Amino acid sequence: AVARRLGLDEQRIREALACSYNVPVVRLLEQLGVATLLERLRNLGFRRLNERPEHYGLGLTLGAGEVSLLELTNAYRCLARRGSFSLPTYQLESEPPATRTLIPPGVSAILTHILSDAQARAAAFGLDNPLRFDFDCAVKTGTSKGYRDNWAVGFTPIYVVGCWVGNFDGTAMRGVSGIDGAGPIFHDIVEHLVQRDGGSPEFGLPPEVESRAICSLSGMSPGVQCPHRVSELFLKSSRSLSTCNFHRSIGGNAYTVYPPLYRNWALAQGIPQPPPEQASTRDITSIAYPDDGSHFRLDAHLRGQHQALHLKVVCPVGTRRVDWQIGNTLLRAEQAPFDQWWPLQVGSYQVQATAWTSHGAVASQPIHIHVHPGPQRGSSSSK
């Protein structure tokens, strides 16, 4: 529901989370705000995240902040306990710590279901991988920039397990990711615990969660034209879904009509779109990427020709070419989807795209971007 409200329905949350796709979560954080995520992480016990939101930026959702394995594992313990959080204890005879609900039980159950869904994970990891079990187990892996270290954290209805793999001196490993490093260790530990216990119960779903049919492409309620339907979990209290408007019959022909942002891409991929007069696409030009006010930093370790900005545009139907004006530089794109690559150069720039159609020129609103020099060679950065 959150993703749909923010216009992120082109990638299902289930697939994005299960497959560890970065772009959807960065886009989501861009809409929610770094300060909101930082506050929630601190409530979950991440005490080392004590800098201001601008220190972390959007990279916070990808791990741009140092945390301990215990903090991370205890946060997953909150998810395993249907959103009930408490500080960890180290002695059985200790007084039970105070608890508080930080995640609604229904939301926790849906996230648990996603993280235990081997089919949703298959697109990125395949079906035969260390995260697959014959019993209910929710798990997530992560890999730091440059393969410096990786981790795997997850839980069954009984146990929560966290594994970290890396060199104690902080040097990078040789291409070892979470699925290859911490993943097999996590698998062996959990398998041992469940075999010792003689089995493991199922997660189950609370009464506030229900299954609904959706169109597999749009994520909306399926219409009569939708060729493929799947089931997805929702809170019963969430609003009803709109009927799918991707699949339509126009003039006796079946079309998969993508939103304006993806129309040029669809045409470039050979996916037929409705005739211009029936496409219901607004007669506007807008810059899809980058966003206004974006900041970029050059990497001193990469050659200049390998550092370019991918400019993306949404054009009116019938666009023949797009002129990109970046500062004093003019770039011309004459083929859909009319994207361009601009070599990054230090400075502040105004960017504008002008689409040319048979009716004349349609210019976008200008945006401003900033390019900063990167750290000098020999320095290091972490993610």
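Note that the coordinates shown come from a computational prediction; the quantities given were computed from them, not determined experimentally. (Residues numbered from 1 in each chain as written. Predicted model: local features only at pLDDT ≥ 70, side-chain atom pairs only at ≥ 80, totals over all residues. Heavy atoms only, no water.)

## Description of the nonpolar core
Convention followed: For the purposes of this section, nonpolar cores are sets of buried Ala, Val, Leu, Ile, Met, Phe, Trp, Tyr and Cys residues that join through side-chain atoms within 4.5 Å. Accessible area is worked out with a 1.4 Å probe on protein chains only. A residue is then buried under 20% of its type maximum, exposed over 50%, and partly exposed in between. Runs of H or I in DSSP of at least four residues are treated as helices and runs of E of at least two as strands, each being numbered from the N terminus.
Ranked by internal contacts, the top residues of the largest apolar core, which has 22 residues, are V322, W324, I326, W342 and I369. Of all the elements in the fold, those that place two or more residues in this core are β12 (308–314), β13 (321–326), β14 (329–333), β16 (347–357) and β18 (367–372). Looking at this core element by element, the count peaks at 4 residues for β16.

## Here we look at empty space enclosed by the protein
Let me state the cut-off plainly: A cavity here means a set of 1 Å grid points, computed over protein atoms only, where a 1.4 Å probe fits but cannot escape. A pocket is an open set with protein on both sides within 12 Å along at least 5 of 7 lines, and lining residues have an atom within 4 Å of a point. Grid points are joined across faces, edges and corners, and a volume is the space filled by probe spheres set on the points. The nonpolar class holds Ala, Val, Leu, Ile, Met, Phe, Trp, Tyr, Cys and Pro. Asp, Glu, Lys and Arg form the charged class, and all remaining residues, Gly among them, are polar.
Tallied over the full model, the rule gives 1 cavity of 30 Å³ or more. Here the largest cavity is characterised by a volume of approximately 40 Å³. Around the largest cavity sit L17, A18, S20, L115, R121, F125, L131, V139, K140 and T141, which together line it. Every element with two or more residues in the lining of the largest cavity is listed here: α2 (13–18), α8 (118–125) and β3 (138–143). With 3 residues, the top contributor of residues to the lining of the largest cavity is β3. Looking at the lining of the largest cavity residue by residue, the classes come out as 6 nonpolar, 2 polar and 2 charged.

## Some points on the environment of R27
The cut-off we apply is this: Polar contact criterion, stated in full: a pair of N or O atoms within 3.5 Å, where within protein one must be able to donate a hydrogen and the other to accept it, and residues adjacent in sequence count only if both atoms are side-chain atoms.
Take R27: it is sitting in helix α3 (residues 22–32). Among the polar contacts listed, one links the side chain of R27 to the side chain of E30, at a separation of 2.7 Å.

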